[in-house]
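# Structural features, examined
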Amino acid sequence: MPHPERRQPKRLLNRSVHRSPAAARPAVASVAARGAVSLRLLLMVALVAALLLPVVVLSWLAPRPAASLELLPVLAWQVGAVLLVLTAVWMLGVLRPLMRLRAAAIGLADMRGEGVQVCRPGWRPLGSELDQITRLLQQAQGRMAGLLGELEERHREMHRMAMYDALTGLPNRRMLREMFDRAAAQARRQNRPMAVLFIDLDHFKEVNDRHGHPAGDELLQTIARRLQDTLRRADLIGRLAGDEFVALLQDASDPQHLAHTTLRVIHAVEQPVPLDGGRIQGEVSASVGVARFPADGDDFDQLLDHADQAMYQAKMLGRGRFALFQPQLSPGERPIGADGEMLRAFDDDELQLFFQPVIDTETGQAVGAEALIRWQHPSEGLLPPSRIIHRAEETGALHRLELRTLDQACAQLAAWKRMGLKPGKVSINVSAPEFRHAAWAEELGQALTRHGIHRGELAVELTEGTLMGDAEDTAQRLRALRSLGVPLVIDDFGSGPISLARLGELQPAMVKLDAGFVQRLPQDVAARALVSGIVGLARSLGITVIAEGVETEAQRDMLADLGCPLQQGYLFARPQPALPEPAWPLPHAEPDLEPWPLEGANDAMLSPLDALQPNRQLGLR
């Protein structure tokens, strides 16, 4: 059976590219030659008519010599008038169009502005002029053929970029979906089952952290070649993003053969990979999730999602293995241990979003909120984000966790908007691995579209350390962020290595003042000077400043005096679950609304759940 992925680009190209340059070229020389012949015939007819007219008249007047002598001056004037008219016709009807054609031919021949060699216009025979125009059109024909060739090459390059992964050369998600649709149509006709393998590399992050991203890229390229060599020619292999690959097995009718193929994939990945010219060894394993067509799904996205779920089950069972997709497991059937707990947290909705408002102390009203993940652990109680992220990294579920956080934040924001509330700007925290994830910007855009979130309503908080990675890669990702209308917020500002020049390059919409500065207010003179300097600098750059960790009225008042009215902290409200209506005051539509009293606002914004959770520690984020 021919290899589908090697035939597909050619078919796509044949459908989308127009006729070849050779088929599109006009017969310039023959057209010009026919034009020259037609002009010569016209002029010859006109000249013969001008010459014969006097002869005819004189022959008519020959019997009457006297009359002939009297009419000779008139006849001479008539002949002169005919010649003058013919000259005008020649100038207007032949030479001017010919000059326009010549100018157009020069423009076509010199499309790139490189200059062409032409004779200066003058009185030359018509054939010479037409020959020069013919040569110019032939030059233009050659230039146009070259441009069409370049366009075809650019089309092929754009097709490759749109359909194939730039690093490994494997089909990407879009190409895989098209190839799956064709394979599925054929499988339905033949009543033949297929299988989708979701392949995730274990411990790939360690290779990147220890040896750098170039070594990680080299490892991915080697793994891609191994997967191609391991599978049959009829099977398809592609790369989704990061360390995730997808294989489509065209024939999965034999369960034993399916298991054997999956084990060969795992074994191929586990072999050490020489990196950096063999000076170092990269070692990873593979967790594989398997979903079968049509039993586990009838379309590409559903099968991919089910294979992804099965892959997480394989990870939680110990990595370096595969798992078949199964419907929702009952609590007694779930694996135990740290990986099993993480899986249970996703399935039982133990992971929840809490929200903490950002208050404008000049009005006492909320101007936004920060979404914070919490894990209601059945035995350990409420776990903070730091512990949740640590466990998610250990179990390989960090990407899934951050997608869940993004989706819940957008869903809650949309719910508040449907109720007619104005929650302001809601921000979410994004980790460094998630920010560097290849599909992060695309998935962020999908979540915004899915929930109807408008530009500026959702913000992303990144730490200084996250933004100090590869400058070019960071700039590209921030451009994608701005194109989605998502403002950048630098979290814990002042505690990291960002310089003033770097701050100007990043162009954040807001910075959150590190809580360490706030805790030292109002007694510490140095802290006051630093906060005052940061606020002044941010204002000069058009950046909004938010103070975090405000716990006392003295800190609130000092920050307001230093020019920082936007504040967040336990003084105003603790992080609390999303309620049908937030427990903190929201802005109203009435422009003449009286400002909310500051003292009253502090009491009114305390969460009604605080009394139910007396053991929650202050300052926990």
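Attention here is on the structure that accompanies the text. All figures in this text were calculated on a predicted structure; none of them were measured in a lab.

## A look at the sheet that holds strand E3 (residues 244–249)
By definition, the strands of a sheet pair up through backbone hydrogen bonds, in either a parallel or an antiparallel sense. Here five strands make up an open sheet; going across it, the order is E2-E3-E1-E6-E7 and the pairing mixed. Either end of the sheet is taken by a strand with one partner, and the two such strands are strand E2 (236–241) and strand E7 (322–324). Strand after strand, the sheet turns through a mean of 20° between neighbouring axes, direction not considered. One ladder, built from nine bridges, connects strand E1 (residues 194–202) with strand E6 (residues 285–293); its direction is antiparallel. Bridging from a neighbouring strand, isoleucine 199 pairs with valine 288 of E6.

## Section: the nonpolar core
Ranked by size, the top nonpolar core spans 92 residues in total, and within it Leu351, Leu458 and Leu559 carry the most contacts. Tallying contributions element by element places helix H13 (residues 398–418) first for this core, with eight residues. Phe204, Leu220, Ala247 and Val269 belong to the second-largest nonpolar core, a separate cluster that totals 29 residues.

## Comments concerning the pairing of E1
Burial of E1 is extensive: nine of the nine residues sit out of reach of the surface. Alternating positions in E1 separate into two faces, Met194, Val196, Phe198, Asp200 and Asp202 on one and Ala195, Leu197, Ile199 and Leu201 on the other, with burial throughout.

## Looking at the packing of aromatic side chains
Counted under the stated rule, the structure contains four aromatic pairs. Taken together, a centroid distance of 5.8 Å and an interplanar angle of 90° make the contact between phenylalanine 180 and phenylalanine 293 edge-to-face. Separated by 113 residues along the polypeptide, phenylalanine 180 in helix H6 (residues 173–190) and phenylalanine 293 in strand E6 bring together distant segments of the chain. Residue phenylalanine 293 is classed as buried on the basis of its relative accessible area of 2%. Both rings, one in phenylalanine 180 and one in phenylalanine 300, keep their centres 5.7 Å apart while their planes meet at 55°; by these two values the pair is tilted. You can see phenylalanine 180 sitting in helix H6 and its partner phenylalanine 300 sitting in helix H10 (residues 300–316), a full 120 residues away along the chain.

## A look at empty space enclosed by the protein
Under the definition given, this model contains three cavities of 30 Å³ or more. Surrounding the largest cavity, Glu402, Thr405, Leu406, Ile428, Asn429, Val430, Glu434, Trp440 and Leu444 form its lining. Of all the elements in the fold, those that place two or more residues in the lining of the largest cavity are H13, strand E11 (425–429) and helix H15 (440–451). The biggest single contributor to the lining of the largest cavity is H13, with three residues. Looking at side-chain class alone, the lining of the largest cavity contains five nonpolar, two polar and two charged residues.

## Things to note about the packing of helix H7 (residues 204–211) against helix H8 (residues 213–230)
Put simply, H7 and H8 touch, their axes get as near as 6 Å, and they point 140° apart. By the criterion of interaxial angle, the relationship of H7 to H8 is oblique. From H7, Phe204, Val207, Asn208 and His211 reach across to H8, where they touch His213, Ala215, Gly216, Leu219 and Leu220. Grouping the amino acids of the contact of H7 with H8 by side-chain chemistry returns five nonpolar, four polar and no charged.

## Looking at the pattern of salt bridges
Tallied over the full model, the rule gives 15 salt bridges. The residue arginine 188 makes a salt bridge to aspartate 298 at a minimum N-O spacing of 3.4 Å. Linking arginine 188 in helix H6 with aspartate 298 in the loop between E6 and H10, this pair joins segments that are 110 residues apart in sequence. Where aspartate 209 meets lysine 205, a salt bridge forms, and the shortest distance between an N and an O atom there is 2.8 Å.

Reading the values: the criteria
- Residues numbered from 1 in each chain as written.
- Predicted model: local features only at pLDDT ≥ 70, side-chain atom pairs only at ≥ 80, totals over all residues.
- Heavy atoms only, no water.
- Pairing = 2+ DSSP bridges.
- Helix = DSSP H or I, 4+ residues; strand = E, 2+ residues; numbered from the N terminus.
- Axes fitted to C-alpha atoms, helices over the stretch in contact; angles between N-to-C directions.
- Core = buried A, V, L, I, M, F, W, Y, C linked by side-chain atoms within 4.5 Å.
- Buried < 20%, exposed > 50% of the residue type's maximum accessible area, 1.4 Å probe, protein only.
- Phe/Tyr/Trp six-rings, centres within 6.5 Å; stacked < 30°, edge-to-face > 60°.
- 1 Å grid on protein atoms, 1.4 Å probe; cavity = no way out; pocket = protein on both sides within 12 Å on 5 of 7 lines; lining within 4 Å.
- Points joined across faces, edges and corners; volume = space filled by probe spheres on them.
- Nonpolar A, V, L, I, M, F, W, Y, C, P; charged D, E, K, R; others polar.
- Parallel < 35°, antiparallel > 145°, perpendicular 65-115°, else oblique.
- Contact = heavy atoms within 4.5 Å.
- Salt bridge = Lys/Arg side-chain N within 4 Å of Asp/Glu carboxyl O.

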